[in-house]
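Given next are the chains, with one letter for each unit.
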Amino acid sequence: MPMRKLLLLFGVVMCRWGWAASETDGARILEQALADKNPDTRKEAVLALSLVGPRGVLSHRLEGMIQDKDVTVREAAVASLAEQKNQAARDALHKALTDEVPEVSFAAAKALWSLRDPSGEQFLRAVLEGESKSSSAYFTKEKRDALRMLHIPRSMFLFALRQGVGMAPVPGLGEGIASMQGLLTDPGVSGRATAALLLAKDADPATLAALKDALQDKDWSVRAAAAHSLAIRDNPALKKDLEPLLSDKKEAVRLRAAAGYLRLSAMPPQTKKR
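The structure contained in this document is the topic of the report that follows.

Conventions adopted
- Residues numbered from 1 in each chain as written.
- Predicted model: local features only at pLDDT ≥ 70, side-chain atom pairs only at ≥ 80, totals over all residues.
- Heavy atoms only, no water.
- Helix = DSSP H or I, 4+ residues; strand = E, 2+ residues; numbered from the N terminus.
- Buried < 20%, exposed > 50% of the residue type's maximum accessible area, 1.4 Å probe, protein only.
- Contact = heavy atoms within 4.5 Å.
- Phe/Tyr/Trp six-rings, centres within 6.5 Å; stacked < 30°, edge-to-face > 60°.
- Lys NZ or Arg CZ within 6 Å of the ring centre and 35° of its normal.
- Core = buried A, V, L, I, M, F, W, Y, C linked by side-chain atoms within 4.5 Å.
- Axes fitted to C-alpha atoms, helices over the stretch in contact; angles between N-to-C directions.
- Parallel < 35°, antiparallel > 145°, perpendicular 65-115°, else oblique.
- Nonpolar A, V, L, I, M, F, W, Y, C, P; charged D, E, K, R; others polar.
- Salt bridge = Lys/Arg side-chain N within 4 Å of Asp/Glu carboxyl O.

1. Quick word on the overall build of the protein
Right, so step 1: Along its length, the protein carries 16 helices and zero strands.
Right, so step 2: Counting over 274 residues, the protein shows a buried share of 48%.
Right, so step 3: In the protein, the proportion of contacts linking residues at least 24 apart, taken out of those at least 6 apart, comes to 62%.

Laid out in structure tokens, this is it:
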């Protein structure tokens with residue numbers, strides 16, 4: 001009998017016999033689900049654990065679930081760990097950065113970035129820079145090989161939509177939503193373009209340099225994402241960086257550069273934003 005039916009039956013029996021639910025009952029139900037053979041059941045249990053809170057019973061079990069054999073379970077564990085906001089959760093997310101499946105490591109980077117952890121920013125910037133910055137010592141060769149999978153457009157597109165990139169309340173994504181969604185709904189979008197969007201208003205000077213470099217990327221979606229991200233920084237001094245893209249062969253790039261140029265031109269020169 002499927003786990004969900006068992007849990008429903010358990011609840012019916014409890015009500016019929018007048019049993020009072022206890023903390024032990026709740027823990028047992030979750031433990032059984034976490035150990036279930038069905039990955040969907042384990043995933044649901046992992047997601048449910050986000051309700052427990054960082055000090056709740058079984059909250060520590062999330063740390064071990066990032067090593068689950070099923071990718072979707074590991075992704076769910078990363079999402080729940082991001083809500084724990086304690087050192088144990090951060091340590092687990094750091095381990096998830098080394099996951100061999102790009103979707104999991106990318107989710108961990110996004111979670112750490114939302115927690116203002118420097119490693120999340122470094123990971124996203126490394127994805128954006130790609131192999132053009134081969135001197136970077138942040139990743140091992142194995143991790144670089146895994147990151148190549150992020151260039152698979154369809155896979156990254158579906159992952160971005162599942163994670164709701166641009167819909168979550170993250171810094172810097174409150175403007176130009178239609179432009180961003182237009183990129184993400186194009187099946188040609190790459191993982192590096194997604195990273196460029198996430199880093200739109202990151203304050204690190206190295207990120208700004210990476211976004212400027214991305215304007216010359218051979219991948220059109222990266223150029224378009226970089227133009228979008230530089231535009232919403234609201235720094236008029238960045239107009240000159242967008243100028244070359246006004247003649248870009250790719251319409252999606254050219255139009256975003258033009259709109260960004262107009263946006264920045266309308267701002268007073270004294271505006272001092274990153």
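2. Considerations on the packing of aromatic side chains
The description of an aromatic ring pair rests on the distance of the ring centres and on the angle between the ring planes.
Right, so step 1: Enumeration over the complete set of coordinates arrives at zero aromatic pairs.
Right, so step 2: The ring centre of W220 lies 4.7 Å from the NZ or CZ of K250, which sits over that ring.

3. Section: unusual backbone geometry
Right, so step 1: Phi at R116 takes a positive value of approximately 65°, unusual for a residue other than glycine.
Right, so step 2: With respect to the helices and strands, R116 occurs in the loop between α7 (102-114) and α8 (118-129).
Right, so step 3: Despite not being glycine, D234 has its phi angle at roughly 55°, a positive value.
Right, so step 4: You can see D234 is positioned in the loop between α14 (220-231) and α15 (239-242).
Right, so step 5: By relative accessible area, D234 is classed as buried at 5%.

4. Considerations on helix α5 (residues 71-81)
Right, so step 1: Counting buried residues in α5 gives eight out of 11 residues, a clear majority hidden from the surface.
Right, so step 2: Of all the positions in α5, only V73, R74, E75, A76, A77, V78, S80 and L81 are classed as buried.

5. Here we look at the nonpolar core
Right, so step 1: By size, the foremost hydrophobic cluster in this structure holds 63 residues, and its most contacted members are V46, V78, L81, L93, L124, L128 and L215.
Right, so step 2: Ranked by the residues each element gives to this core, the list is headed by α7, at eight residues.
Right, so step 3: Residue contacts for V78: discarding those within four places in its chain leaves L93, A96, V104, A107, A108 and A111.

6. Focus on the packing of helix α3 (residues 39-48) against α5
Right, so step 1: The geometry of α3 relative to α5 is characterised by a closest axis approach of 8 Å and an angle of 5° between their N-to-C directions. Taken together, the axes of α3 and α5 are roughly parallel relative to one another. Residues P39, R42, K43, V46 and L47 of α3 pack against T72, V73, A76, A77 and S80 of α5.
Right, so step 2: Classifying every residue of the contact of α3 with α5 gives six nonpolar, two polar and two charged.

7. Details of the environment of V78
Right, so step 1: With respect to the element layout, V78 can be found in helix α5.
Right, so step 2: What makes V78 buried here is its relative accessible area of 2%.
Right, so step 3: With 33 residues separating them in the primary sequence, V78 and A111 have C-alpha atoms 7.4 Å apart.

8. Topic: the pattern of salt bridges
Right, so step 1: Following the criterion strictly, the structure yields 10 salt bridges and no others.
Right, so step 2: As a salt-bridge pair, D99 and R74 come within 2.7 Å of each other at their nearest N and O atoms. You can see D99 sitting in the loop between α6 (87-96) and α7 and its partner R74 sitting in helix α5, a full 25 residues away along the chain. Pair check on accessibility: D99 and R74 agree, each one buried.
Right, so step 3: Salt-bridge contacts for R125 lead to E121; the nearest nitrogen and oxygen are separated by 2.5 Å. With R125 and E121 both in helix α8 and four residues apart, the pair spans about one turn of that helix.
Right, so step 4: What makes E121 buried here is its relative accessible area of 14%.
Right, so step 5: Salt bridges sharing partners connect three or more residues here, namely E121, R125 and D204.

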